[in-house]
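Commentary on secondary and tertiary structure
Read off the chains here:
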Amino acid sequence: MSDRVDDDTALEEVMRFSNSPPEEGSADDERFGARLRQVIAAAIRLDESEDPADGPTLQLDDDLRGRLEALAKKRGGNHYFGDHPDGIGPTLGMDVSKS
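Model, not experiment: these values are computed from the prediction.

1. A look at the overall build of the protein
Counting its regular elements, the protein contains three helices and zero strands. Secondary structure elements in the protein, listed N-terminal to C-terminal, are α-α-α. Going through the 99 residues of the protein one by one, you find that 28% of them count as buried. A sequence separation of at least 24 residues applies to 49% of the contacts in the protein between residues at least 6 apart. Counting only carbon and sulfur atoms, one obtains 46% of the accessible surface of the protein, whose full area is about 6700 Å².

What follows is the structure in structure tokens.
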């Protein structure tokens, strides 16, 4: 997506869209999906062994994180980040949630 925004703006857009979801298949729906993936990626928590400098750029409370992850799974099957557009299988589609 060429109109990438910072993570805070993406979160604002996701919250706006989640209150009034765009029509499926529309350009807004595509942008909503891209922003949702961006927000989830920006909020992935670190393991204890990882460098804190590589930490998430967004801090989401557990309730919001759960709602966004559920929404992403609903939109993309079980793959938050979808399948590769060239059909070579999941790219970042594995379960990235940390238990």
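2. Let's talk about the packing of aromatic side chains
All chains considered together, the criterion is met by one aromatic pair. A ring pair is formed by Phe17 and Phe32, whose centres lie 5.3 Å apart and whose planes are at 55°; its orientation type is tilted. Pair noted here: Phe17 is in helix α1 (residues 7–19) and Phe32 is in helix α2 (residues 27–42), with a separation of 15 residues, a long-range link. With a relative accessible area of 11%, Phe17 lands in the buried category.

3. Some details on the packing of α2 against helix α3 (residues 62–75)
Contact geometry for α2 and α3: axes closest at 10 Å, N-to-C directions at 135°. Accordingly, the angle class assigned to the pair α2 and α3 is oblique. When you trace α2 past α3, the crossing you get is left-handed. On α3, the residues touching Asp29, Phe32, Gly33, Leu36, Val39 and Ile40 of α2 are Leu68, Glu69, Leu71, Ala72 and Arg75.

4. Notes on α2
Owing to its 3.6 residues per turn, the α-helix aligns residues three or four sequence positions apart on the same side. Taking 1.5 Å per residue, 16 residues should reach 22 Å; α2 reaches 23 Å between its end C-alpha atoms and fits that length. Among all positions of α2, only Asp29, Phe32, Gly33, Ala34, Arg35, Leu36, Gln38, Val39, Ile40 and Ala42 are buried. Buried residues belonging to α2 abut α1 and α3.

5. Considerations on the pattern of salt bridges
A full pass over the atoms with the stated rule returns four salt bridges. Note that Glu13 is salt-bridged to Arg31, the shortest N-O span being 3.4 Å. Taken together, the positions of Glu13 in helix α1 and Arg31 in helix α2 put the pair 18 residues apart, joining distant regions of the chain. Notably, a salt bridge pairs Glu13 with Arg35, separated by 3.1 Å at the nearest N-O pair. On the criterion of sequence distance, the pair formed by Glu13 in helix α1 and Arg35 in helix α2 is long-range, its members being 22 residues apart. Among the residues examined, Arg35 registers a relative accessible area of 2% and is labelled buried.

Definitions and cut-offs
- Residues numbered from 1 in each chain as written.
- Predicted model: local features only at pLDDT ≥ 70, side-chain atom pairs only at ≥ 80, totals over all residues.
- Heavy atoms only, no water.
- Helix = DSSP H or I, 4+ residues; strand = E, 2+ residues; numbered from the N terminus.
- Buried < 20%, exposed > 50% of the residue type's maximum accessible area, 1.4 Å probe, protein only.
- Contact = heavy atoms within 4.5 Å.
- Areas by Shrake-Rupley, 256 points an atom, 1.4 Å probe, with all protein chains shown as cover.
- Phe/Tyr/Trp six-rings, centres within 6.5 Å; stacked < 30°, edge-to-face > 60°.
- Axes fitted to C-alpha atoms, helices over the stretch in contact; angles between N-to-C directions.
- Parallel < 35°, antiparallel > 145°, perpendicular 65-115°, else oblique.
- Left-handed = near helix turned anticlockwise from the far one by under 90°.
- Expected span 1.5 Å × (residues − 1).
- Salt bridge = Lys/Arg side-chain N within 4 Å of Asp/Glu carboxyl O.

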